[in-house]
Amino acid sequence: MRLYLRSVCLRAGFCLCCTLVSTTLVPSGVAQGLVSSALSRLRSVGSAELSPDGRRIAYGVVMRDRPGRPYGQLWIMDLATQKSIRVGGEKDSGGGPLWSPDGKWFAFEGHQGEKGGLFVARPDGSEVTFLAAPEGSNSPLPGTGKDFTWSPDGKQIAFISSTPGAAAAAASGDPMVITRYLYKPDAGEGMTRFNDNQRLHIFVVEVSTKQVRQLTQGNTDEHSIDWSPDGKEILFASNREPNQDEFFNYDIFALKVADNSIRRVTATEYNEYEPLWSPDGKRIVFRGTRRGLTDRETTMEDTHVWVMNADGSERREIGAVLDNRQGVPRWAPDGSAVYFTIQERGSIHLVRLPIAGSKPEYVVKDTGGVGGWSVGKDGSLAYGFASPLDVAELYFKTGSAAPRKLTDLNAELFAGKQIAEVESFTFISNDNKFEVEAFLTKPLGMTATSKHPLIVNIHGGPHGQNGPVFNFKNQIYAARGWATLQVNYRGSTGYGQKFADAVFGDQDGNEGQDVLYGVSAAVRRYLWIDRERMGIEGVSYGGQLTDWLITQTNEFKAAVPIAGIANLISYNYMTYYNQYEEMEFGQFLHQGNLMDVAWERSALKHVAAAHTPTMLMHGENDNDVPIAEAEQFFIALKDVGTEAIFVRYPREGHGLSEVKHNIDSTDRCIAWYEKHFPKAGAEGVTNVQP
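Residues numbered from 1 in each chain as written. Predicted model: local features only at pLDDT ≥ 70, side-chain atom pairs only at ≥ 80, totals over all residues. Heavy atoms only, no water.

Draft legend 1. Focus on helix H5 (residues 510-525). Under the 1.5 Å per step criterion, the end-to-end length of H5 is 22 Å for 16 residues, consistent within 8% with the ideal 22 Å. Of the residues making up H5, those classed as buried are Glu511, Gly512, Asp514, Val515, Leu516, Gly518, Val519, Ser520, Ala521, Ala522 and Val523. Residues of H5 that are buried make contact with strand S28 (422-428), strand S29 (435-441), strand S30 (452-458), strand S31 (483-488), strand S32 (529-539) and helix H6 (541-549). (Helix = DSSP H or I, 4+ residues; strand = E, 2+ residues; numbered from the N terminus. Expected span 1.5 Å × (residues − 1). Buried < 20%, exposed > 50% of the residue type's maximum accessible area, 1.4 Å probe, protein only. Contact = heavy atoms within 4.5 Å.)

This is the structure in structure tokens:
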């Protein structure tokens, strides 16, 4: 659990959707699978932290059994017995555990009883002690690292909290006076429409006395902190541009604890994220970019891992040996190598890369996705891993031995249920430039002669990826006998920088054709797909492509765009981060003829060609893709005479977070498709597109 909100990159298309009672029944003749109401019982592993002595793992479990949004519970596993103890009671929450250097305590964020904030506890989960109550911010701050960090002697914890910024008073008055360019809140916040103008700063609390003191102040944000091994400095990331709302540029700084003086470690026009000291304090590892054109939420450039000396010299992009998007790095205990995740062809692997320049080693390369992870002093590894058959569970691996699965959180939920198979295939793009990969979740209950509907589910981003990892909504569809197709169109990550760049200046262009070519390949290769019963949906950029594609083809019987952009021009001036289109097209909309290009590539301009029955879904307080995008397209569809309905979800930001909303959304999708799909075998093949 994070105490302050962050950009959650929902543009990548994450949406756990799900059940009205009338639609939870699986059609007769279909093998028993999951129903959407099962979401409230689904549990998954989040963070996983090995204790310094290697005897325990502190890990978080994401829970969905309460009203509202998912929350975390914190558990401690004894590796000798593989028995786990929950930290706190059943109603308490926690997450983000971090062990003290001597292993006698671990710190975490959460709520215990009536108190919320930063806590410490003993390795067995006892002596839970409240230390401080950090305040948060809803300001868009993507790519932030650790919220708190132990001093090397274990006597203090530095943490991030907020104080009012310069614009806070005027912007919260009556009337509200807006002066900031970035006046809207984080994408997933969903509770308000305005930035709270709080500024994040570094504080320190004494563990023994609970005395708190503030180390930084001013009208900037400091975050992503790490205490140096010698105890003298705290690393942090901050945007110190004079026009910081307009130019997104994190640099790395070091705070001297003795006198609160700050030295600048980097000075570049691009971004450095999540800096960490090496074990000997002589080097710093971080995730970074090389392009000056950046954006507050999603960048076209793949982040890579970098290493430099503690004074900022000898900066090296060691991650350049792997041409794919890389995650947050962490040092090997001996400082000889760094570990990080990497996106590759729909999976997320874990890599070990020696800093001396040797070849990278894939530590976890199984099909699926590595989540929270940590490395022990002996090289042992604790990590969360989502496979094609299950959401993230806790795994432990030592040396070259096979990993051990330590949890089975959904054993009862999945008992007697079939999990649908996911198969990948590739095809050549419409312009013959790329091999494009797609993932097909096959329906349950197939026979030699059966025909099955196909739902095209488009990921967001556009710089994200689909893959074989367990997808709850796809499994709900599979249980009904429906297939789901997910296409990693150009612009997707996991296929190298050239592929990610291929959408530059071409939104609603060839990447949309990639989706349609994927559908064409699927219906011709898998003859059991029923061409007469095809639907299309997507979240964020997936919603945008859904809007666009129903103006380009009539092959889909029903469409469900979720949080999609219909008008690139209006979107550009209403979103919470107004430089997204500049990044994707290379200039501001008002420059050159880009305004005309943006309008030409907007679904709204071509709405007269849209005849597909459409159900629009949107969060009421979406500050990434404002709900006005759906409002415009809904009225335009009505004007055209196309059947359309509009579902608005209160308290939601970009995408859906509340469990009941996800359940409701999935059930409405099912009902919408069922309403518009003809009965199987009722007619011959009339849909010959594409």
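Right, picking up where we left off after that structure.
Draft legend 2. Spatial organisation of unusual backbone geometry. With an omega of 10°, the peptide bond between Asp174 and Pro175 qualifies as cis. Positive phi values are uncommon outside glycine, yet Glu314 reaches one of about 50°. Relative accessible area serves as the criterion here: at 60%, Glu314 is assigned to the exposed category. Phi is positive for Asp508, which is not a glycine, with a value near 55°. For Asp508, the position within the fold is in the loop between helix H4 (497-501) and H5.

Draft legend 3. Structural context of the nonpolar core. Counting residues in each nonpolar core, the largest one holds 63 residues, and the members touching the most others are Phe425, Leu485 and Phe633. Sort the elements by how many residues they give to this core and H5 lands first, with 6 residues. Setting aside residues no more than four positions away along its own chain, Phe633 makes contact with Asp547, Ile550, Thr551, Ala566, Ala603, Leu604, Val607 and Leu616. Counting residues in each nonpolar core, the second largest holds 30 residues, with Ala38, Ile562, Val659 and Tyr673 among its members. (Core = buried A, V, L, I, M, F, W, Y, C linked by side-chain atoms within 4.5 Å.)

Draft legend 4. The arrangement of the pairing of strand S25 (residues 381-387) in detail. Most of S25 sits out of view: 7 of its 7 residues are buried. Relative to S25, strand S24 (residues 369-375) runs antiparallel, the two sharing 5 bridges. Residue pairing for S25: Val375 is matched across the bridge by Leu381. Here S24 folds back onto S25 in antiparallel fashion, the turn holding 5 residues, of which Gly379 has a positive phi close to 85°. Relative to strand S26 (residues 390-397), S25 runs antiparallel, the two being bridged by 6 bridges. Each bridged residue has a counterpart across the sheet, and for Ser387 the counterpart in S26 is Asp390. (Pairing = 2+ DSSP bridges.)

Draft legend 5. Empty space enclosed by the protein, seen in detail. Its volume calculated, the largest cavity comes out at about 100 Å³. In this structure, the largest cavity is lined by 14 residues; those nearest its centre are Leu141, Asp221, Asn239, Gln244 and Arg296. A breakdown of the residues in the lining of the largest cavity according to their chemical character gives 5 nonpolar, 4 polar and 5 charged. As a volume, the second largest cavity reaches approximately 60 Å³. Forming the boundary of the second largest cavity are Ala167, Ala171, Met176, Val177, Ile178, Thr179, Arg180, Tyr183, Phe194, Asn195 and Asn197. (1 Å grid on protein atoms, 1.4 Å probe; cavity = no way out; pocket = protein on both sides within 12 Å on 5 of 7 lines; lining within 4 Å. Points joined across faces, edges and corners; volume = space filled by probe spheres on them. Nonpolar A, V, L, I, M, F, W, Y, C, P; charged D, E, K, R; others polar.)

Draft legend 6. Region of interest: the environment of Gln486. Mapped onto the elements of the fold, Gln486 is located in strand S31. Using a relative accessible area of 4% as the deciding quantity, one classes Gln486 as buried. When the C-alpha atoms of Gln486 and Phe439 are compared, they prove to be 5.2 Å apart, with 47 residues separating the residues in sequence. With residues up to four places along the chain from it excluded, the contact list for Gln486 reads Glu437, Ala438, Phe439, Asn457, Asn466, Gly467, Asn471 and Asn474. Looking at Gln486, its side chain comes within polar contact range of the side chain of Asn474, at 3.1 Å. (Polar contact = N/O pair within 3.5 Å; in protein donor to acceptor, adjacent residues only side chain to side chain.)

Draft legend 7. Structural context of the packing of aromatic side chains. Counted by the stated rule, this structure contains 31 aromatic pairs. Ring geometry for Phe108 versus Phe119: centroids 5.4 Å apart, planes at 15°, classification stacked. Within this pair, whereas Phe108 is found in strand S6 (residues 106-112), its partner Phe119 is found in strand S7 (residues 115-121), the two being separated by 11 residues in sequence. Assessed through its relative accessible area of 0%, Phe108 is described here as buried. Among the aromatic residues, ring-to-ring pairing joins Trp99, Phe106, Phe108, Phe119 and Phe130 into one connected group. (Phe/Tyr/Trp six-rings, centres within 6.5 Å; stacked < 30°, edge-to-face > 60°.)

Draft legend 8. Inspection of the packing of H5 against H6 at higher detail. Orientation of H5 relative to H6, taken along the N-to-C sense of each, is 80°, at an axis distance of 11 Å. Regarding the angle of H5 to H6, the classification is roughly perpendicular. Across the interface between the two elements, Glu511, Gly512, Val515 and Leu516 from H5 touch Tyr541, Leu545 and Leu549 from H6. Looking at the contact of H5 with H6 residue by residue, the class counts come to 5 nonpolar, 1 polar and 1 charged. (Axes fitted to C-alpha atoms, helices over the stretch in contact; angles between N-to-C directions. Parallel < 35°, antiparallel > 145°, perpendicular 65-115°, else oblique.)

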